[in-house]
Amino acid sequence: MILGQLLAAMFFIKSAFVPGRKIGDSIMLAQALFRNYHLNSGPSRCAFKIDLRKAFDSISWSFISSVLSLMGFPPVFKDLIMTCIFGSMLSVKINGAIEGFFAAGSGLRQGDPLSPYLFVLCMEILRSCLEKHTSLPDFKHHWLSKDLKITHISFADDILMFCHGDSVSVDRLLAGLNEFSHCSGMRINSAKSQFFISNVDDGLKHHIRVSTGFSEGSLPAKYLGLPLISTKLSMRCCLPLIVRVQNRIDSWLNTCLNQAGRLQLIKAVLFGLQGYWSAHLLLPKSVLKKLQSLFVKFLWGGSSDNHKVVKVKWSDCCFPKIEGGLGLYDLCQWNNAVFLFHLWRITQPDNNSLWIMWFKRTYLKRRAFWTMDFPKNAPWCIRKILQLRPLALRFINYHVGASSNFLLWHDPWVNNKPLLSYCHPDVISSSNSRLFDKVASFMSNSSWLLPSSNHLDVIQLRSLIGSIPIHSRDSITWMNSASIKISSIWQCIRSISTTPPWIIGVWHQFAIPKCAFTLWLAFKERLLTKDRMIKFNMNTDLACIFCNRAIETHSHLFGSFEFMTDILNASAFNFTGVWQSYLNGQFFLGPIRGIRKYIGLLYLAIFVYLLWQERNLRRHDPGHNSSAASIIFKVKLMMKEKLHSNKKFKLALKKNPSLVLDLY
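Here goes a summary of the coordinates provided. (Residues numbered from 1 in each chain as written. Predicted model: local features only at pLDDT ≥ 70, side-chain atom pairs only at ≥ 80, totals over all residues. Heavy atoms only, no water.)

**Comments concerning the nonpolar core**
Here is the rule we go by: By nonpolar core is meant a set of buried Ala, Val, Leu, Ile, Met, Phe, Trp, Tyr and Cys residues that side-chain atoms within 4.5 Å join together. When a residue's accessible area, from a 1.4 Å probe over protein chains only, is under 20% of the maximum for its type it is buried; when over 50% it is exposed; and in between it is partly exposed. Helix and strand definitions here come from DSSP, where helices need a minimum of 4 consecutive H or I residues and strands a minimum of 2 consecutive E residues; each element is numbered from the N-terminal end.
Formed by 171 residues in total, the largest nonpolar core has its most connected members in Trp 358, Trp 413, Trp 520 and Ile 599. Broken down by element, this core gets its largest block of residues, 14 residues, from helix α25 (residues 595–620). Within the second largest apolar cluster, 44 residues are counted, among which are Phe 63, Ile 125, Phe 139 and Leu 204.

In structure tokens form, the structure reads like this:
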């Protein structure tokens, strides 16, 4: 009966299944509402961080069935869902072996793709329970959430609740929580739940502790895997991230990884670890530099504390592959790109994010986003976003529409700048306008209707506005694109480099990563040949280890001695054999087109990789001496292993069987 009343009072579900809903919005809003909780001053306020004991395992099946029925799901569909739930069986693993099975009596199976959807639907009842109790007139909202009447933030089973710091409001909030717990079967874990208070008396603190069993928390606390802070982010707050990255690197020490393998781990794993933090927190530069240092040490030395020679500086590695880099991201540029994306979302008038709605209601009353000063006591994330406005104005374009709702004096619709930046503020009164008028106030019938005053500022105003085209409707674009991603913003703000002519020889459809990485180092002339070893004050002679006559340089090692030319001449391709030609992108004598070109480039990359490997073996093991014939055999074997497993080569081979001759 209680559940029916709650659902009857419940309006459209707005916190689940909303397109564009982001976990970052919950994090940003939580950071803002926890502002200054470390101070015992200001408005009285209270917050709760709720932990549900084994939430997925304890949710009641009858509760799920009632939710599905009362939300209007068809009976046939509901019966199918409940059959899947009722049919679940559990087993126990004893000493590594699964023993027996038994039927479950409650809960949802974690890992089942259906479970998260059912759980989110059930968590909607929490909002209804809280709304029922907090809508009473004696309940007071948290001082920063009065306009939107925010009582809680929920993302799956991570729950934060907020209210004014008085006993009645606290009791009302907890009554809603307890009612939800009773209906759903999910019990509150008092040992892990916490309350946070600011500027309240000891009596209320004692009341909360006795009535709930919660412990008093202190900031920074963790929410959705990130620290909840009350002031600016510091190195100390980010230590868990640094430790986690360092531990992950150290766990790979016993694995035989070449540099190409380490590069892939940095892209796929380490960037992912810090990427979640960077997506929601503007990390201090000291933290980004520390992370970058760990990445550099791992890439070139294989551990988090190795001090091997850095062959290519990190900034050069952070260019796209087509520009001669390794396709990595500069951490600071990426972090700025993420927050520029948050800024972009704020500028969109139809964005229904709760965090953005809260920001506009709280900070944009009688203020304009593009011209406002930094609000006093604003959350650090908002201050950082506002600091990025000058950079954003280089790329954002406002297109004025008929009956435009853009702010006349504050929005950057005139050549990417606010109109106030061109004129003295006195022009507002001179043109019979008001500070927060819309652009439409200067329009009539989809054309400009500008003030006719002969005041110098108004004359300048007419010259500025008269040439601005009027479109059918308002639109805001980023570099003339209405839909953007973080990667698109990063492309705009990152450093640009020219494409080296040799790049096609490194990264192509048949490239083997370890061979391509070595060839990339060779073309950048960053392999540790003897002439470079001398520059690093290493004790060595300069004689080539193969011919013992010339100085060992990149141009000599890969382009001018007999051992090398014997290996190249054994291929089906006419290589130039001149190192400078390779650097200029000229790899073959005469024209070669189509797929044969990439087969030849694969031969060259494997040749450079194996020749460098042979050079190192001879240097560290004087007794080692592989013949040119054995290296030729290895080159062709690696080519066959690569190409015979490549789908594009197989398709090309069906059309042109003679391609197989290039492998022998």
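Having seen it, we continue.
**Examining helix α2 (residues 23–33)**
Summarising burial for α2: 10 of the 11 residues are buried, a large majority. Where α2 is concerned, the buried positions are Gly 24, Asp 25, Ser 26, Ile 27, Met 28, Leu 29, Ala 30, Gln 31, Ala 32 and Leu 33.

**Some remarks on the pattern of salt bridges**
This is how the line gets drawn: When a carboxyl oxygen of Asp or Glu is within 4 Å of a side-chain nitrogen of Lys or Arg, the pair counts as a salt bridge.
Taken as a whole and assessed by the stated rule, the structure comprises 15 salt bridges. Residue Arg 172 pairs with Asp 138 through a salt bridge whose shortest N-O separation is 2.7 Å. Taken together, the positions of Arg 172 in helix α7 (residues 167–184) and Asp 138 in the loop between α6 (115–134) and β4 (152–155) put the pair 34 residues apart, joining distant regions of the chain. Since its relative accessible area comes to 26%, Arg 172 is described here as partly exposed. In this structure, Glu 552 engages Arg 615 in a salt bridge whose closest nitrogen and oxygen atoms are separated by 2.8 Å. Taken together, the residues span a long stretch of sequence, with Glu 552 in the loop between α21 (530–535) and α22 (554–557) and Arg 615 in helix α25 at a distance of 63 residues. A single burial state applies to Glu 552 and to Arg 615, both of which are buried.

**Digging into a nonpolar patch on the surface**
Quick reminder of the rule: Surface patches are defined over residues having more than 30% relative accessible area and no salt bridge, joining like charges when they lie within 9 Å and nonpolar side chains (Val, Leu, Ile, Met, Phe, Trp, Tyr) when within 5 Å. Using a 1.4 Å probe, accessible areas were evaluated by the Shrake-Rupley method; residue-level cover was limited to the displayed protein chains.
Taken together, Leu 90, Val 92, Ile 94 and Phe 102 make up a surface patch of nonpolar side chains, about 330 Å² in accessible area. The element that contributes the greatest number of residues to the nonpolar patch is strand β2 (residues 89–94), accounting for 3 residues. Topologically, Ile 94 is positioned in strand β2. Exposure remark for Ile 94: the relative accessible area of 45% places this residue in the partly exposed category.

**Some thoughts on the sheet that holds strand β7 (residues 215–216)**
Our working definition: A pair of strands is considered paired only if DSSP assigns at least 2 bridges between the two. Residue contacts follow a heavy-atom distance rule, with two residues in contact if any of their heavy atoms lie within 4.5 Å. Lines fitted to C-alpha atoms define the axes, with helix axes restricted to the stretch in contact, and inter-axis angles between N-to-C directions lie between 0 and 180 degrees.
Ordered by their spatial adjacency, 5 strands build an open sheet running β4-β5-β1-β6-β7, and the pairing between neighbours is mixed. The open sheet has two free edges, formed respectively by β4 and β7, since each of these has just one partner strand. Relative to strand β6 (residues 194–198), strand β1 (residues 45–50) runs antiparallel, the two sharing 5 bridges. Directly across from Phe 48, in β6, lies its bridge partner Phe 195. Lying over the sheet, α6 contacts β4 and β5 (158–164), oriented at roughly 175 degrees with respect to β4. Lying on the sheet, helix α8 (residues 202–212) is in contact with β1, β6 and β7; it crosses β6 at an angle near 170 degrees.

**A short note on the environment of Phe 561**
Structurally, Phe 561 is set in the loop between α22 and α23 (562–569). Measuring from C-alpha to C-alpha, the distance between Phe 561 and Cys 547 comes to 7.4 Å, with 14 residues separating the pair along the chain. Residues within four places of Phe 561 in sequence aside, it is in contact with Phe 546, His 556 and Leu 611.

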